[in-house]
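# Structure assessment
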Amino acid sequence: MVSVTETCESGDYVDLDPKSYWSKIFWSQDNSGKTTKNVLQSIGRDGVFLVRPGGTTKYTLEVWSGKDSKVNKYKIHNSPDEIQFWIQEDGAKFPNVEELCHHHYNEKLHSMKGGLTLTGPYGLYI
């Protein structure tokens, strides 16, 4: 499991429990009827993201872009045995969704207007 360090309001770094942190990326159906877009928009922080069940793929990554005032969606593809996950066929592949997301904290996800990096899972803000 990928370890995570977060900066708190005082400016100090805090190590977060990786299992608890990464569990907050997955969309919970228990969000009082709100849509993923409503939740990400209400948080309003560039790069805040979630992973939800996909339509044509197992998962979809949704990321809020404040610059564009919209949710960008990325299909997460996986190998049949689910030992590799990726967004772009010719891009990097990862052993799990958490590591794929962690990678995009530093590497931009491509979009129509440039690129986005992930900043934190939606579950930290609700």
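Structural notes, computed from the coordinates. Note that the structure is predicted; figures quoted are calculated from it, not measured. (Residues numbered from 1 in each chain as written. Predicted model: local features only at pLDDT ≥ 70, side-chain atom pairs only at ≥ 80, totals over all residues. Heavy atoms only, no water.)

## Thoughts on the overall build of the protein chain
A count of helical and extended segments in the protein chain gives three helices and nine strands. Along its sequence from the N terminus, the protein chain presents helices and strands in the succession β-β-α-α-β-β-β-β-α-β-β-β. Within the protein chain, buried positions represent 37% of all 126 residues. Put simply, of all contacts in the protein chain between residues at least 6 apart along the chain, 39% involve residues at least 24 apart. Total accessible area on the protein chain stands at roughly 7,500 Å², and carbon and sulfur atoms take up 47% of it. (Helix = DSSP H or I, 4+ residues; strand = E, 2+ residues; numbered from the N terminus. Buried < 20%, exposed > 50% of the residue type's maximum accessible area, 1.4 Å probe, protein only. Contact = heavy atoms within 4.5 Å. Areas by Shrake-Rupley, 256 points an atom, 1.4 Å probe, with all protein chains shown as cover.)

## A look at the pattern of salt bridges
Overall, the coordinates contain two salt bridges when judged by the stated rule. A salt bridge links Arg52 to Glu62; the shortest N-O distance between them is 2.3 Å. Taken together, the residues Arg52 in strand β3 (residues 48-53) and Glu62 in strand β4 (residues 59-65) connect sequence positions 10 residues apart. Using a relative accessible area of 1% as the deciding quantity, one classes Glu62 as buried. The partner of Lys58 in a salt bridge is Glu82, and the shortest N-O contact between them spans 2.9 Å. With Lys58 in the loop between β3 and β4 and Glu82 in the loop between β5 (70-78) and β6 (85-86), this pair connects stretches of sequence that are 24 residues apart. Lys58 gets classed as partly exposed once you look at its relative accessible area, which sits at 36%. Exposure remark for Glu82: the relative accessible area of 35% places this residue in the partly exposed category. (Salt bridge = Lys/Arg side-chain N within 4 Å of Asp/Glu carboxyl O.)

## Quick word on helix α2 (residues 36-43)
For α2, the complete set of buried residues consists of Thr36, Val39, Leu40 and Ile43. Taken around the axis of α2, the buried residues stretch over an arc of 95°, which confines them to a single face. For α2, the elements touching its buried residues are β3, β4 and β5. Gly44 sits one or two residues past α2 and shows a positive phi near 65°. (Arc of directions from axis to C-beta.)

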